[in-house]
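# Descriptive analysis of the structure
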Amino acid sequence: MTIHIGAKPGDIAQTVLMPGDPYRAKWAAETFLTAPRLVNEVRGMLGFTGTWRGNEVTIHGSGMGMPSLSIYANELIRDYGAKTLIRIGSCGGMQNSVGIRDVIVAMTASSVSTPSRGIFRELNFAPCADWSLLRAAVTAAEAKGVTTHVGGIYSADVFYDERPDLNEQMTRHGILGVEMEAAELYNVAARHGVRALAVLTVSDHLLTGEALPSEDREKSFGDMVEIALESAFA
Ligand code: HPA
């Protein structure tokens, strides 16, 4: 047990998928894992462990935003021995070439700040994905016929953004999409020498104002779960 995770030692797999929403963790575990069991529900942050094609997997919510994700990623790695962490979530598109429902595999994640700022101080550390996971995720996504983009994303601190100029600069510099967790996941993973990746579905678009209809969200989310599982065990 840790401060935020009630799982017993051995209850968490070395491979952890992390959606932001704990109910998405429940849905993904019940849909894709064999014999999923609830291993955490502290503060309603649900985590489930089961198997996928014979491999042990945990699907655990991260909550929204980098401070929340940072707590769970640190405890999963330091206290439970997680070695591969894959964020599965949604993002806002930031390029005209990126469409609603497309998948973005985040090679790097820019940010204004992350909870790791206190360590890096003046250093602009470049949080980046694990190459083997990234390569395998792209292969899996393309095999599914999902339109896939690979490149930089932006991990924002605020959803209700009062600084449109920052988004403009991100778009100008080729950033594909905006979400709120990946940069810190990549930082924490790098610090502990484990593998991390973010696989994202474009759920809304900052340039066009389009949004994914709610009936399409489950299918897109399911595709991401499969892409993440296939890349973890490629
Ligand atoms: N901004 C931040 N996070 C997001 C967005 C967004 O537009 N869409 C999905 N996650």
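Residues numbered from 1 in each chain as written. Predicted model: local features only at pLDDT ≥ 70, side-chain atom pairs only at ≥ 80, totals over all residues. Heavy atoms only, no water.

## Observations concerning unusual backbone geometry
Located in the positive-phi region is arginine 101, a residue other than glycine, with phi close to 80 degrees. Tracing the chain through its elements places arginine 101 in the loop between strand S5 (84-93) and strand S6 (103-111). (Helix = DSSP H or I, 4+ residues; strand = E, 2+ residues; numbered from the N terminus.)

## Thoughts on the packing of helix H4 (residues 131-143) against helix H7 (residues 214-232)
The N-to-C vectors of H4 and H7 enclose an angle of 130 degrees; their axes lie 8 Å apart at closest approach. Viewed along their axes, H4 and H7 adopt a mutual orientation that is oblique. H4 and H7 meet at a crossing whose hand is right-handed. Contact with H4, carried on its side by Leu133, Ala136, Ala137, Ala140 and Ala141, involves Ile227, Glu230, Ser231 and Ala232 of H7 and no other residues of that element. Of the residues belonging to the contact of H4 with H7, the class tally is seven nonpolar, one polar and one charged. (Axes fitted to C-alpha atoms, helices over the stretch in contact; angles between N-to-C directions. Parallel < 35°, antiparallel > 145°, perpendicular 65-115°, else oblique. Left-handed = near helix turned anticlockwise from the far one by under 90°. Contact = heavy atoms within 4.5 Å. Nonpolar A, V, L, I, M, F, W, Y, C, P; charged D, E, K, R; others polar.)

## Some points on the UniProt feature "domain: Nucleoside phosphorylase" (unreviewed entry) in the chain
Within this structure's numbering, the places UniProt gives as "domain: Nucleoside phosphorylase" (unreviewed entry) are residues 16-223. Annotated as residues 16-223, this span is 34% helix and 31% strand, and its ends, taken at the C-alpha atoms, are 17 Å apart. (UniProt positions renumbered as here; feature names shortened; annotations may be inferred.)

## Comments concerning the site of the ligand
Taken together, the neighbourhood of the ligand is formed by Ser90, Cys91, Gly92, Phe159, Val178, Glu179, Met180, Ser203, Asp204 and Leu206. Separating a nitrogen atom of the ligand from a backbone N or O atom of glycine 92 is a distance of 3.3 Å. Contact distances for the ligand include 2.8 Å between a nitrogen atom and a side-chain N or O atom of aspartate 204. Alone, the ligand offers 260 Å² of accessible surface; in the complex the protein occludes 86% of this. (Near = heavy atom within 4 Å. Polar contact = N/O pair within 3.5 Å; in protein donor to acceptor, adjacent residues only side chain to side chain. Areas by Shrake-Rupley, 256 points an atom, 1.4 Å probe, with all protein chains shown as cover.)

## Overview of the pattern of salt bridges
The final tally for this structure, using the stated rule, is ten salt bridges. Here glutamate 181 makes a salt bridge to arginine 87, at a shortest N to O gap of 2.9 Å. A residue pair is termed long-range when its members are at least 10 positions apart, and glutamate 181 in the loop between strand S8 (177-179) and helix H6 (182-192) and arginine 87 in strand S5 qualify at 94 residues. Neither glutamate 181 nor arginine 87 differs from the other in exposure class; each is buried. Note that arginine 163 and aspartate 165 form a salt bridge whose closest N and O atoms lie 2.9 Å from each other. Arginine 163 sits in the partly exposed class, given a relative accessible area of 42%. Judged by its relative accessible area of 34%, aspartate 165 is partly exposed. One continuous salt-bridge network, built from bridges that share partners, spans Lys8, Asp11 and Arg37. (Salt bridge = Lys/Arg side-chain N within 4 Å of Asp/Glu carboxyl O. Buried < 20%, exposed > 50% of the residue type's maximum accessible area, 1.4 Å probe, protein only.)

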